[in-house]
Structures are given as C-alpha cells and as structure tokens.
Amino acid sequence: MTITHQADPARRARLRWRARRGLLENDLILTRYLDANEASMTDDDVDAFTRLMELSDNELMDLLLVRKEPDGLLDLPQVHALLARIRTA
C-alpha cells in the first residue's frame, strides 16, 4: 500500500519547500495557493504540482501568467486543471 500525500507530513513539507522559488512572484502565487488548497489536494494535484516545480522560474511564470500553455510532457489534463485553479487563486 502506498502512502498518499495527505497522509504523509514529510511529503507535505517537501511540496511546500519545492514551492519556494527564486522569483518572488512565483513564490507568492504558489504559497498563496498552497495556503488555501493544500489540505484538499489530491495525489493527481500533487503530481501536477511536482511537474510544475521541475520547470525553471521563467517557464513557470509564463504558465502562471497565461503567456503560454503547457506542452510536451506537461500537456496533461491534471496539469491544465491545476494551472486553472492556481491562476484564479
């Protein structure tokens, strides 16, 4: 049996730590989203969030500000859904 994100405090802390970014704007947007929604995030949401955290700060900012849409390995329904929620948070 695998441990879900919600059941593992270490995973939750790791997710929040990864949301700390070099660009203050990214940091503020992601922290605000996590403050409001972390407790209700599903494992799919966490997977999508983790994929976004692998991007450079500039690539992430372009997605958050709707300058571009996810493509390639990020062109997944759960990534699009998470971005839509982050953009409106």
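Residues numbered from 1 in each chain as written. Predicted model: local features only at pLDDT ≥ 70, side-chain atom pairs only at ≥ 80, totals over all residues. Heavy atoms only, no water.

Novice: What's the story with the packing of helix α2 (residues 24-37) against helix α4 (residues 57-64) in this structure? I'm lost.
Specialist: Packed helices, taken two at a time, are described by the angle their axes make and the gap between the axes. Where α2 meets α4, the closest approach of the two axes is 10 Å, and the angle between their N-to-C directions is 55 degrees. Classified by the angle their axes make, α2 and α4 are oblique. The chirality of how α2 crosses α4 is left-handed. In this structure, α2 contributes Glu25, Asn26, Ile29 and Leu30 to the contact, and α4 contributes Asp57, Leu60, Met61 and Leu64. Taken together, the residues of the contact of α2 with α4 break down into 5 nonpolar, 1 polar and 2 charged. (Axes fitted to C-alpha atoms, helices over the stretch in contact; angles between N-to-C directions. Helix = DSSP H or I, 4+ residues; strand = E, 2+ residues; numbered from the N terminus. Parallel < 35°, antiparallel > 145°, perpendicular 65-115°, else oblique. Left-handed = near helix turned anticlockwise from the far one by under 90°. Contact = heavy atoms within 4.5 Å. Nonpolar A, V, L, I, M, F, W, Y, C, P; charged D, E, K, R; others polar.)

Novice: I tried to follow the pattern of salt bridges on my own but got confused; where do I start?
Specialist: Side chains that differ in charge, positive against negative, can pair when their charged atoms come close. For the structure shown, the criterion picks out 7 salt bridges. Note that Arg51 and Asp47 form a salt bridge whose closest N and O atoms lie 3.1 Å from each other. A residue pair is termed a helical-turn pair when its members lie 3 or 4 positions apart in one helix, as Arg51 and Asp47 do in helix α3 (residues 43-53) at 4 residues. Exposure remark for Arg51: the relative accessible area of 29% places this residue in the partly exposed category. Using a relative accessible area of 30% as the deciding quantity, one classes Asp47 as partly exposed. A salt bridge links Glu69 to Arg87; its shortest N-O distance comes to 3.3 Å. With Glu69 in the loop between α4 and α5 (77-88) and Arg87 in helix α5, this pair connects stretches of sequence that are 18 residues apart. Taken together, the shared-partner salt bridges connect Arg16, Asp35 and Glu38 into one network. (Salt bridge = Lys/Arg side-chain N within 4 Å of Asp/Glu carboxyl O. Buried < 20%, exposed > 50% of the residue type's maximum accessible area, 1.4 Å probe, protein only.)

Novice: Before we go on, may I ask you to explain the environment of Met53 in this structure?
Specialist: Relative to the helices and strands, Met53 resides in helix α3. When the C-alpha positions of Met53 and Arg21 are compared, they lie 8.8 Å apart, and in sequence the two are 32 residues distant. Ignoring sequence-local partners within four residues, the contact set of Met53 consists of Arg18, Ala19, Arg21, Leu30 and Leu60.

Novice: Would you explain unusual backbone geometry in this entry?
Specialist: Most peptide bonds take the trans form, and the phi angle of most residues other than glycine is negative. Phi at Val66 is positive, roughly 60 degrees, even though this residue is not glycine. Mapped onto the elements of the fold, Val66 is located in the loop between α4 and α5. Its relative accessible area of 48% is what places Val66 among the partly exposed residues.

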